[in-house]
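What the coordinates show
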Amino acid sequence: MHEQLPILPTAVVGSYPVPEWMERLKTDCLRGRLSSVQLADIHEMAIKAALRDQELAGVDIVSDGELRRDNDIDYFLAKLPGLCIAQRAKDFYFDYYDVALDKPLPPQSGQEFSWLADDYAFTASHTGKPIKFSFTGPFSLACRITNTSGLDRRALMEAIAHRLNAAAHALAARGATLLQIDEPFLAGQPSEVVDAVAAINVVTAGVNVSWALHVCYGNRYARPLWEGHYDFLFPAVLDANVDQLVLEFARKGYADLPVIEKFGWDRKIGLGVIDVKSQQVETADVVTNRIRAALELVPAEQLVINPDCGLRNLSGAVARAKLGAMVEGAVAARRLVDQTPVVDQLPVVTDEVAPDPITQGA
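Remember, it's a predicted structure, so these values are computed and weren't measured experimentally.

In regular strands, side chains alternate between the two faces of the sheet. Extensive coverage of strand E8 (residues 268–274) is indicated by the burial of six of its seven residues. Bridge count for strand E7 (residues 244–247) against E8 is four bridges, and the pairing is parallel. Bridge pairing links Val 246 to Gly 270 in E8. Of the crossover connections in this fold, the one passing from E7 over helix H8 (residues 257–262) to the parallel E8 is right-handed. The pairing of E8 with strand E9 (residues 303–307) spans five bridges and is classified as parallel. Looking across to E9, one finds that Ile 274 is bridged to Pro 307. Between E8 and its parallel partner E9, the chain crosses via helix H9 (residues 284–295), and the hand of that crossover is right-handed.

Turning to the nonpolar core, a few remarks are in order. One finds Leu 116, Trp 211, Leu 233 and Leu 271 to be the most contacted residues of the largest nonpolar core, which totals 115 residues. At nine residues, the largest contribution of residues to this core is made by helix H6 (residues 153–173). Not counting residues up to four positions away in its chain, the partners in contact with Leu 271 are Leu 247, Phe 249, Tyr 254, Leu 257, Arg 290, Ile 291, Ala 294, Leu 303, Val 304, Ile 305 and Asn 306. Within the second largest apolar cluster, eight residues are counted, among which are Leu 5, Ala 11, Ile 61 and Leu 178.

A packed helix pair is summarised by two numbers, namely the angle formed by the two axes and the spacing between the axes. Put simply, helix H1 (residues 20–30) and helix H2 (residues 36–57) touch, their axes get as near as 10 Å, and they point 155° apart. Classified by the angle between their axes, H1 and H2 sit roughly antiparallel to one another. Along this stretch, H1 crosses H2, giving a crossing that reads as left-handed. For the pair H1 and H2, the contacting residues are Trp 21, Met 22, Leu 25, Lys 26 and Cys 29 in the first and Ser 36, Leu 39, Ile 42, His 43, Met 45 and Ala 46 in the second. Class assignment of the residues belonging to the contact of H1 with H2 gives a composition of eight nonpolar, two polar and one charged.

With the rule as written, the count across this model stands at 20 salt bridges. A salt bridge links Asp 91 to Arg 31; the shortest N-O distance between them is 3.3 Å. Placement of the pair is Asp 91 in the loop between helix H3 (74–77) and strand E2 (99–101) and Arg 31 in the loop between H1 and H2, with a sequence separation of 60 residues. Accessibility expressed as a relative area gives 66% for Asp 91, which makes it exposed. Overall, Arg 31 belongs to the partly exposed group, its relative accessible area being 39%. The closest approach of N and O atoms between Lys 322 and Glu 282, which form a salt bridge, is 2.9 Å.

The end-to-end C-alpha separation of helix H7 (residues 193–204) is 16 Å, in line with the 16 Å expected for twelve residues at 1.5 Å each. Along H7, nine of the twelve residues are buried, which leaves the element largely enclosed by surrounding structure. Regarding H7, the residues found buried are Val 193, Ala 196, Val 197, Ala 199, Ile 200, Asn 201, Val 202, Val 203 and Thr 204. Buried residues belonging to H7 abut strand E3 (133–136), helix H5 (138–143), H6, strand E5 (178–182) and strand E6 (210–215). Positive phi appears at Gly 206, one or two residues downstream of H7, with a value of about 75°.

Next up on the list: unusual backbone geometry. Cis geometry marks the peptide bond from Phe 234 to Pro 235, where omega comes out at 0°. Along the polypeptide, Pro 235 turns up in the loop between E6 and E7.

Reading the values: rules and limits
Residues numbered from 1 in each chain as written. Predicted model: local features only at pLDDT ≥ 70, side-chain atom pairs only at ≥ 80, totals over all residues. Heavy atoms only, no water. Buried < 20%, exposed > 50% of the residue type's maximum accessible area, 1.4 Å probe, protein only. Helix = DSSP H or I, 4+ residues; strand = E, 2+ residues; numbered from the N terminus. Pairing = 2+ DSSP bridges. Right-handed = clockwise from strand over helix to strand, strands pointing away. Core = buried A, V, L, I, M, F, W, Y, C linked by side-chain atoms within 4.5 Å. Contact = heavy atoms within 4.5 Å. Axes fitted to C-alpha atoms, helices over the stretch in contact; angles between N-to-C directions. Parallel < 35°, antiparallel > 145°, perpendicular 65-115°, else oblique. Left-handed = near helix turned anticlockwise from the far one by under 90°. Nonpolar A, V, L, I, M, F, W, Y, C, P; charged D, E, K, R; others polar. Salt bridge = Lys/Arg side-chain N within 4 Å of Asp/Glu carboxyl O. Expected span 1.5 Å × (residues − 1).

In short, shape yes, function no, at least from these values alone.
Written as structure tokens, this is what we have:
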């Protein structure tokens, strides 16, 4: 059954906390002490638990928690034909591989990232909620490749983008309705935003879904990699064929919102209201006040409420509490708007959501 999403719908950005025991098992698999079949079973169990946490918190749009991924890069590059990874064992699963390209990528098969559609289908089989499914974008993937192939970075980005476009078509064919491109490295090289947007448009071309673009200032080990302001995105990002910008605000403050208004962004904004780099849990009132401040510049119909970035670096308990506060704060903000829900035409469950045991004091 399909229902309307509420005004100011809540969402997650992508990743979910990885427990320490799971970190050890991921590393054991990479070092040959655990089979990939066993690890796949562990991933599936963890994804189902992450979905349940998000549902219990009352989040409107959920994700698989990106729990199959070592990090934001290796899950993609490790399986891309034509790349060289000399050493695949890791001391810690979250470390980056050293990836090299010494000749142009082989001809595209259309299957390079085909497993993403299976990942989505598994997630969809375990929730009735709308799903945001994310993958790392061509700019950030290209940044992690030592490229001596003779291709310039723009050509390399485009080649990767075509392969991601094939994956996006496969995702849409399996029922995905909201896809997100993550570009965590773009804030570190703002002068390349025009080329990055061109590659993003290759990814989205011809794929009839709602598209989000997430740009943050880095979230590796819960630390920002760069500082700055989102004005570097404009005006280039106005040409991006995406429906939503998902941005980091809670940690940085809301001084960038006037910049977005100034350049005339008329699509949705994923408003970061939860600081994922802090273990301190926001109150629902803090979240409501952050949304209220944004509403002074951005119409409610354009706002989606989410954390700044992924929740990977938080403990499970803190992540659940932060999500509970986010949902409670968004519900209060809806009352301020005093407006009927808007239609997003995404599937949601009709069952009443159970209370979050942390936010309810259990």
